[in-house]
Amino acid sequence: ETAVFQTPNYHVTQVGNEVSFNCKQTLGHDTMYWYKQDSKKLLKIMFSYNNKQLIVNETVPRRFSPQSSDKAHLNLRIKSVEPEDSAVYLCASSSTERLFFGHGTKLSVL
Amino acid sequence: GEQVEQRPPHLSVREGDSAIIICTYTDSATAYFSWYKQEAGAGLQLLMSVLSNVDRKEEQGLTVLLNKKDKRLSLNLTAAHPGDSAVYFCAVSNNAGAKLTFGGGTRLTVRP
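In short, a report on the structure.

Calculation notes
- Residues numbered from 1 in each chain as written.
- Chains lettered and ligands numbered in written order.
- Predicted model: local features only at pLDDT ≥ 70, side-chain atom pairs only at ≥ 80, totals over all residues.
- Heavy atoms only, no water.
- Helix = DSSP H or I, 4+ residues; strand = E, 2+ residues; numbered from the N terminus.
- Rg over C-alpha atoms; globule rule 2.2 N^0.38 Å.
- Buried < 20%, exposed > 50% of the residue type's maximum accessible area, 1.4 Å probe, protein only.
- Contact = heavy atoms within 4.5 Å.
- Areas by Shrake-Rupley, 256 points an atom, 1.4 Å probe, with all protein chains shown as cover.
- Disulfide = S-S within 2.5 Å.
- Buried area = accessible area lost by both parts, 1.4 Å probe.
- Salt bridge = Lys/Arg side-chain N within 4 Å of Asp/Glu carboxyl O.
- Polar contact = N/O pair within 3.5 Å; in protein donor to acceptor, adjacent residues only side chain to side chain.
- Nonpolar A, V, L, I, M, F, W, Y, C, P; charged D, E, K, R; others polar.

**Let's talk about the overall build of chain A**
Helix and strand content of chain A: zero helices and 11 strands. Helices (α) and strands (β) of chain A occur, in sequence order from the N terminus, as β-β-β-β-β-β-β-β-β-β-β. The C-alpha radius of gyration of chain A comes to 13 Å, within 12% of the 13 Å expected for a compact globule of 110 residues. Projected onto the principal axes, the alpha-carbon positions of chain A cover approximately 35 × 30 × 25 Å. Looking at chain A as a whole, 44% of its 110 residues qualify as buried. Considering only contacts within chain A whose residues lie at least 6 apart along the sequence, 51% involve residues at least 24 apart. If you sum the accessible surface of chain A, you get close to 5700 Å²; carbon and sulfur atoms cover 47% of it.

**Brief notes about the state of the cysteines**
All names here are of chain A. Scanning the model with the defined rule gives two disulfides over all chains in all. Two residues, Cys23 and Cys91, share a disulfide whose sulfurs are 1.9 Å apart. Judged by the sign of its S-S torsion, about -80°, the bond between Cys23 and Cys91 is left-handed. Taken together, the residues span a long stretch of sequence, with Cys23 in strand 3 (residues 19-25) and Cys91 in strand 9 (residues 87-94) at a distance of 68 residues. What makes Cys23 buried here is its relative accessible area of 2%.

**Things to note about the interface of chain B and chain A**
Across the boundary between the two partners, chain B contributes 19 residues, which contact 17 residues of chain A. Here chain B meets chain A over a buried area of about 1500 Å², counting both sides, of which 59% is carbon and sulfur. Run the count over chain B and chain A and you get zero salt bridges. On the surface where chain B and chain A come into contact, there are three residue pairs in polar contact (both at pLDDT 80 or more). Elements supplying a minimum of two residues to the side of chain B that touches chain A: strand 4 (32-38), strand 5 (44-51) and strand 9 (86-93) of chain B. For the side of chain B that touches chain A, the per-class residue count stands at 10 nonpolar, seven polar and two charged.

**As for unusual backbone geometry**
Cis rather than trans, the peptide bond between A:Thr7 and A:Pro8 has omega equal to -5°. Relative to the assigned elements, A:Pro8 resides in the loop between strand 1 (4-7) and strand 2 (10-13). Residue A:Lys41 is not a glycine yet carries a positive backbone phi of 75°. Looking at the element boundaries, A:Lys41 is found in the loop between strand 4 (31-37) and strand 5 (43-50). A positive phi angle, close to 55°, is found at B:Ala79, a residue other than glycine. Of note, B:Ala79 is situated in the loop between strand 8 (72-77) and strand 9.

Below you can see the structure in the form of structure tokens.
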């Protein structure tokens, strides 16, 4: 049963545009994450938020920024997309080591 | 930092055969070990997890083995069926918070 909800499922855009992806979790977890999954399925953590405090930022490019209004929401904004940003972006939440993932947002940059 | 190697990257087996996926890790302080399954177009779902005091765990046709001496973690799917076709990831942490280090994934295909 999905309890981490991501929108949109897909997004196609052009180089230089701004995009924003939404994530909401209904599990009451304190920590949320964004992962990037490339075409080879490799996972890379981008950000994590614990009670609206950024606790991990794995040196991602500055054009990426997480945005959180409360502990149930963690959005991801990309200010000016580049071709290498094409990937699946996975949101997750946790209260322990176990992660609960959303279905992902697939971004295609033309 | 922790490094996790997962192999094989691709695995194809016949229905009813076993499938074995192996991960090796580098940090001897690693204390939490898990396996996730990602079906097409979906996020990852936890299959099984073990702590470092467990060498073997079996659940519903899945066996997780942990060899701390060799820093090796394996997942064995006995009697695989087509519904097991997916990408599998190992993920480990040292229990200091919830930051997991993932392996590179194994795409498993089970042929009828």
